[in-house]
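Descriptive structure summary
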Amino acid sequence: MSIIRVQSLTKRFKRQIRRSGKMSAFKDFAFPRHEWKDAVKEVDFQIDKGEIVGYIGPNGAGKSTTIKMMVGILVPTSGSIEIGGLVPYKNRLENSRKIGVVFGQRTQLWWDIPVMETFRLMQYMYKIPQRQFEENIRIFTEILGIDEFVNVPVRQLSLGQRMRADLCAALLHNPEILYLDEPTIGLDVDVKERVRGFIKEVNRTRETTVILTTHDTSDLDKLCSRVLVIDQGSLMYDGDLEYLKRHYSRHDVVTVETDSEMPENLLRTRFQDDFTQEGRKCHVRIVPEKDSTADCIAWFIRNGRLLDVQIRQTDIDEVIRNLYSTFKRPEKETGSG
Amino acid sequence: MRLYWEIFKRSFQSAAAYRLEMIAQTVSSLFGILIQTSIWLALYRGNAEHASTAGQISIRDMLTYAILSSCVFLLINNQMIWKLGEKIKTGEIAMDLIKPIHLARYLFSESGGLALFRVVFQLLPVLAFGAVIYGIVPPAAPDFVFFAVCLLNGIVLYYLMSFICGLIAFWYMVNWHTNSLFHLVMTLFSGSLVPLWFFPGALSKTVSLLPFPLVFYGPISVYLGKRTIEEEMVLVAMQFAWIALLALLLRWIWGKAVKKLVIQGG
Amino acid sequence: MQGIRLYMRFIGVYLKSKIEYDHIFVFMDLVLNSVWPVVNMVLLWIMLQRFGNLAGWDFDHLLFLYNLGYLPFLISGMIIWNPTKDLQELVRTGHFDSYLTRPLNPLAHLIMRQFSHGHLFGLVLSIGMLVYSVNRLDLPVNAGSAVVFLSIVAGGALIYGAFMLFCGSLSFWFIKSESVYELVVYEIRSLIEFPLPIYNKVVQAVLLFFVPYAFINFIPAQGILFPDRSAWPPALQLTATPILGAVLFALAFAFFRIGIDRYQSTGN
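So, how was this worked out
- Residues numbered from 1 in each chain as written.
- Chains lettered and ligands numbered in written order.
- Predicted model: local features only at pLDDT ≥ 70, side-chain atom pairs only at ≥ 80, totals over all residues.
- Heavy atoms only, no water.
- Helix = DSSP H or I, 4+ residues; strand = E, 2+ residues; numbered from the N terminus.
- Rg over C-alpha atoms; globule rule 2.2 N^0.38 Å.
- Buried < 20%, exposed > 50% of the residue type's maximum accessible area, 1.4 Å probe, protein only.
- Areas by Shrake-Rupley, 256 points an atom, 1.4 Å probe, with all protein chains shown as cover.
- Lys, Arg positive; Asp, Glu negative; His and termini not counted.
- Charge placed at Lys NZ, Arg CZ, Asp CG, Glu CD.
- 1 Å grid on protein atoms, 1.4 Å probe; cavity = no way out; pocket = protein on both sides within 12 Å on 5 of 7 lines; lining within 4 Å.
- Points joined across faces, edges and corners; volume = space filled by probe spheres on them.
- Nonpolar A, V, L, I, M, F, W, Y, C, P; charged D, E, K, R; others polar.
- Salt bridge = Lys/Arg side-chain N within 4 Å of Asp/Glu carboxyl O.
- Pairing = 2+ DSSP bridges.
- Axes fitted to C-alpha atoms, helices over the stretch in contact; angles between N-to-C directions.
- Patch = residues over 30% accessible without salt bridge, like charges linked within 9 Å, V, L, I, M, F, W, Y side chains within 5 Å.
- Contact = heavy atoms within 4.5 Å.
- Polar contact = N/O pair within 3.5 Å; in protein donor to acceptor, adjacent residues only side chain to side chain.
- UniProt positions renumbered as here; feature names shortened; annotations may be inferred.
- Parallel < 35°, antiparallel > 145°, perpendicular 65-115°, else oblique.
- Left-handed = near helix turned anticlockwise from the far one by under 90°.
- Buried area = accessible area lost by both parts, 1.4 Å probe.

What follows covers the overall build of chain C. Across its full length, chain C carries 9 helices and 0 strands. Along chain C, helices (α) and strands (β) appear in the sequence α-α-α-α-α-α-α-α-α when read from the amino end. Computed over C-alpha atoms, the radius of gyration of chain C comes to 20 Å, within 12% of the 18 Å expected from 2.2 N^0.38 for 268 residues, which places it in the range of a compact globule. Projected onto its principal axes, the C-alpha positions of chain C cover 55 × 45 × 35 Å. Counting across all 268 residues of chain C, residues that qualify as buried make up 56%. Total accessible area computed for chain C in this model is approximately 11,400 Å², and 69% of it derives from carbon and sulfur atoms. Of note, chain C has its 16 positive side-chain charges centred 5 Å away from the centre of its 15 negative side-chain charges.

Below, the structure is given as structure tokens:
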């Protein structure tokens, strides 16, 4: 059952074309020229309750424009959006009660007062019953450890602490949908882990739908089962993250350490150019169509004395990069769900 | 020397980028003139002259005073306290100490470039406006020479005072407070709005011992010919004395500041 | 209304937090923000020692006039100055978005995020000066006059607020609306610190019909002190301010709303 329904969503902006050359500033002022730019073009997708979806794309692809329309900040040029049965920009107040938003780079907390006081203000704002409020604070303390800094004014918090506080503030009212815009940017690794764990937990216990935009591919890996990829306003991919990895990874790399250096011409007969040598270590690129990791290792066992093997699977960064590089061809891919 | 000239030029050029701010300041100046002249006209209401500690002052004198005061303000106004404060807060001041350049002279050249820009694009239009709408009293020749000297001294004095206030940021961080306090004192005692000759006798005498009126009241009263030659010479002498005093004070504070910076890291 | 209770609560917590962490700076903030009217009054007093009166208004009259114009400015300043002044920055950087994701009227939300504590002391000082001048001028003090007085101050605050909101909202259309804001909120405002008749006809017309700040202090002050100098009936002189304030603020708020609609359709 879909909680988010987006159909033929389009957003068109009017941009002034800036001239160059003599008298350009004057001409721009007196005779302005405009062009239409489609930031979002006929985007269609549906999201079910309880999904954690990654919404990614190169910079300027139209991600934040889509999110803004879903959240109710921006009005679409054409097409329809339904969030929990409501049209967000037409029912801004009601929609706001059901959603939580976290912007990675700026805080939604009150700057000068202690964190706990911001939470209390939000309790008043969203009319959160006392029991729910206390229960949530308890859970937040347990998983995110916010009790360490809950009485400190927001402007004295570190980035990691602020992000945790922002996340809590967004979830205090048990929203149905959580929008996260670059939530882990600039955070230490251990804080990132806690934040991800928290999001997963909230999703598990409350069936909160999560929409996540990020450039951090480990976020995607650890949280999302489904990924929507947008580029130049159009939806380029909508499906499984696993399928994406399988389909867009080029090769794994096997690193083998032998007890003595392998002769180069021997390696060349087996692996042609798909290897590099570092003393007793060989790095072999396994190209899926031509070879397999198992065969490669088997060969080393037959032809040398194996001391150590490491298999590095395709980095999701590489997957995304490969995916983006295919965007020069205007095709749309759908993966099996 | 060549270096400072380059800084002066560059400051002049980059001032052009702040077009909007410049216009806003000019407008502000014009409003100031509007208010002051309206008040003086209303105060004088029909009387051509009024008594003061410097003799009879005519309404024309006061109108000229108001216009000149606004012009002087445009000339001397600087961001010194704020700029220095920022440099100290961010620690940039440490870099300035390493460079083979004298900070005070550097900032002076920079202010100079800005001041020249102001003269051409703000002061002259404001002066022209004032002269056309309200009329200015022309100065007598010898008075004008003294006026020029006094004005120059006044500029140096104001610069020194601003610099000293700016350095206070080494000890007291909130530089808008220092700025505000300085402007407060200047507004009260410099004669920029109310000339000292209208102050009650005792107050007038006390305040004229301070350096503040030497920036506004001093030069302008000379321009309007309200002083005898002896008085003018005394005035100039006082200015030089204060400049020397403040320069020493600046040296002393600067020494303390550098010590603080070097020992504590700023 | 619940929103007001919420705001009151915020102000309490905000002040407590400020005092706990920043006491010396808060103190200086308060003092320096409030000293300016005193400086102005001192200069005025000095001038009047020599000249007697300004357009028929003596020092006590002028003290009353000045503070009748200043008090409403402080009140609207504490509440609505920061958000309207910063609106330009918020719109430009896109931070304004976060004000649209909450179940709250964006203006209320903007107001509730801050409180310009710096003007508190000035408020006390201004009230003090008003009380002093009311005393000196022997003005009637009773329930009726108190109501009239409060409505004039409230009306004045609404007029200032209206213009702050209007100029701030210009940033939904123009990137560099700061200078207009400063012009209207500071420069033009400084004109009404003195009695209207000292200015030429053009300026008077502006202050009465275009940016009607004259209604904040001059019209009611004249109505109280010199009711015979105006052609209008005294009742009108005293009630025009709150009515005008309500109307102007409603218009400014409508303008703000239109600005938000524009923001929502064109991004930023």
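Here the narrative resumes.
We now examine the layout of surface pockets. The computed volume of the second largest pocket comes to approximately 1,100 Å³. Lining of the second largest pocket is provided by 26 residues; of these, Q16 and R18 of chain A together with W173, I175 and R262 of chain C occupy positions nearest its centre. Looking at the lining of the second largest pocket, the elements with two or more residues in it are β1 (2-17), α1 (24-30) and β2 (33-48) of chain A together with α2 (59-93) and α9 (234-266) of chain C. In terms of residue count, β1 of chain A provides more of the lining of the second largest pocket than any other element does, 5 residues in total. Across the lining of the second largest pocket, the residue classes tally to 11 nonpolar, 8 polar and 7 charged.

A few words on the pattern of salt bridges. A side chain with one charge can pair with a side chain of the opposite charge if their charged atoms come near. As enumerated under the stated definition, the model contains 23 salt bridges over all chains in all. For E264 of chain A, the salt bridge goes to R268 of chain A, with nearest N and O atoms at 2.8 Å. Separated by 4 residues within a single helix, E264 of chain A and R268 of chain A lie in helix α10 (residues 264-271), roughly one turn from each other. Exposure remark for R268 of chain A: the relative accessible area of 37% places this residue in the partly exposed category. Across the salt bridge formed by K85 of chain C and D86 of chain C, the nearest N and O atoms sit 3.6 Å from each other. According to the relative accessible area criterion, D86 of chain C is partly exposed, its value standing at 33%. A single salt-bridge network, built from bridges that share partners, covers K192, E193, R196, D216, D219 and K222 of chain A.

Glancing now at the sheet that holds strand β10 (residues 252-258) of chain A. All names here are of chain A. Strand order in this open sheet of 4 strands is β11-β12-β10-β13, and the pairing throughout is antiparallel. The sheet is open, and its two edges are formed by β11 (275-278) and β13 (306-312), each paired on a single side. Ignoring strand direction, the axes of neighbouring strands in this sheet form an average angle of 15 degrees. The pairing of β10 with strand β12 (residues 281-286) spans 6 bridges and is classified as antiparallel. Across the sheet, T255 pairs through a bridge with H283, a residue of β12.

Together, M23, F26 and F31 of chain A make up a nonpolar patch on the protein surface, roughly 370 Å² of accessible area in all. By secondary structure assignment, the location of M23 of chain A is in the loop between β1 and α1.

In this assembly, 34 residues from chain B lie in contact with 31 residues from chain C. Where chain B packs against chain C, one counts 0 salt bridges. Taken together, the links from chain B to chain C amount to 3 residue pairs in polar contact (both at pLDDT 80 or more). For the side of chain B that touches chain C, the secondary-structure elements that each account for two or more residues are α2 (19-44) and α8 (175-189) of chain B. The element that contributes the greatest number of residues to the side of chain B that touches chain C is α2 of chain B, accounting for 12 residues. Looking at the side of chain B that touches chain C, its residues break down into 24 nonpolar, 9 polar and 1 charged.

As a further point, take the UniProt feature "transmembrane region" (unreviewed entry) in chain C. Mapped onto the present numbering, the UniProt feature "transmembrane region" (unreviewed entry) falls at residues 24-48, 63-82, 115-134, 146-175, 196-215 and 235-256 of chain C. In this annotation, residues 196-215 of chain C is assigned 50% helix and 0% strand; the end-to-end C-alpha distance for the span is 10 Å.

All right, on to the packing of α2 of chain B against helix α3 (residues 59-76) of chain B then. Residue and element names in this part refer to chain B. Remark: α2 packs on α3, axes separated minimally by 9 Å, with the N-to-C direction vectors making an angle of 160 degrees. Taken together, the axis directions place α2 and α3 in an arrangement best described as roughly antiparallel. In terms of crossing hand, the pair formed by α2 and α3 is right-handed. Between α2 and α3, the contacting residues are Q25, S29, I33, Q36, T37, W40, L41 and Y44 on the first element and I59, M62, L63, A66, I67, S70 and L74 on the second. Looking at the contact of α2 with α3 residue by residue, the class counts come to 10 nonpolar, 5 polar and no charged.

Another aspect to go through is the sheet that holds strand β4 (residues 78-83) of chain A. Residue and element names in this part refer to chain A. On the basis of which strands lie adjacent, the open sheet formed by 3 strands has the order β2-β1-β4 and antiparallel pairing. The open sheet has two edge strands, β2 and β4, and neither has a second partner. Neighbour-to-neighbour, the strand axes of this sheet turn through a mean angle of 25 degrees, independent of strand direction. Relative to β4, β1 runs antiparallel, the two being bridged by 5 bridges. Bridge pairing in β4 places T10 opposite S78.

Now for the interface of chain C and chain A. Counting from both sides, the interface comprises 32 residues of chain C and, opposite them, 32 residues of chain A. Between chain C and chain A, roughly 3,000 Å² of surface is buried when both sides are summed, and carbon and sulfur atoms account for 54% of that area. When residues of chain C are sorted by the area they lose upon contact with chain A, R102, P103 and Q264 of chain C head the list and together hold 23% of the total. If you look at where chain C meets chain A, you find 1 salt bridge. D97 of chain C is the salt-bridge partner of K68 of chain A, the closest N and O atoms lying 3.5 Å from each other. Our count for the contact surface shared by chain C and chain A stands at 14 residue pairs in polar contact (both at pLDDT 80 or more).

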